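A structural walkthrough
Residues per chain are reported as follows:
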Amino acid sequence: MNDLINDQLARLLTDLDHLPYAGRRDRVMNEVLEANGVYFVPNPAVPGIRFVCVLDLHGIRANGGDEADMITNWIEQARDKHGWTA
């Protein structure tokens, strides 16, 4: 099972390297749906609320002040965890 996750993760990171932000967002959201991950972005329209976006996918959890930061932080943590470089 770990080999399958590692293959999926490697494929995802390779795909993300070649996509602009909008494409990265779509690719990550699709992967979350397929892998039963968590993609949580609170409603920023609520006045006076600070919020944190959370992405938990393939055993790697990251957060950020917005979706772009969250995805970037997740990519960095995924690479660090597995010793991969861009």
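In what follows, the structure referred to is the one given above.
To start, this report covers the structure provided alongside it. (Residues numbered from 1 in each chain as written. Predicted model: local features only at pLDDT ≥ 70, side-chain atom pairs only at ≥ 80, totals over all residues. Heavy atoms only, no water.)

Attention now goes to helix α3 (residues 67-82). Here α3 is 16 residues long and its end C-alpha atoms lie 23 Å apart, about the 22 Å a rise of 1.5 Å per residue gives. Positive backbone phi, at 70°, marks G83, one or two positions downstream of α3. (Helix = DSSP H or I, 4+ residues; strand = E, 2+ residues; numbered from the N terminus. Expected span 1.5 Å × (residues − 1).)

So, about the pattern of salt bridges. Overall, the coordinates contain five salt bridges when judged by the stated rule. Close ionic contact of D17 with R79 constitutes a salt bridge, the shortest N to O distance being 2.1 Å. Here D17 is found in helix α1 (residues 2-17), whereas its partner R79 is found in helix α3, with 62 residues between them in sequence. The exposure class assigned to D17 is partly exposed, which follows from its relative accessible area of 35%. Measuring nitrogen to oxygen at the nearest pair gives 2.8 Å for the salt bridge that ties E67 to R25. A residue pair is termed long-range when its members are at least 10 positions apart, and E67 in helix α3 and R25 in helix α2 (residues 21-35) qualify at 42 residues. Judged by its relative accessible area of 27%, R25 falls in the partly exposed class. Linked through salt bridges whose partners overlap, the residues forming this network are D15, R27 and E31. (Salt bridge = Lys/Arg side-chain N within 4 Å of Asp/Glu carboxyl O. Buried < 20%, exposed > 50% of the residue type's maximum accessible area, 1.4 Å probe, protein only.)

Attention shifts here to the nonpolar core. Counting 17 residues, the largest nonpolar core has V28, Y39, L55 and W74 as its most contacted members. Those elements that place two or more of their residues in this core are α1, α2, β2 (53-57), β3 (60-64) and α3. Looking at this core, the element that brings in the most residues is α3, giving five residues. Beyond its immediate sequence surroundings of up to four residues, V28 is in contact with L16, Y39, L55 and I71. (Core = buried A, V, L, I, M, F, W, Y, C linked by side-chain atoms within 4.5 Å. Contact = heavy atoms within 4.5 Å.)

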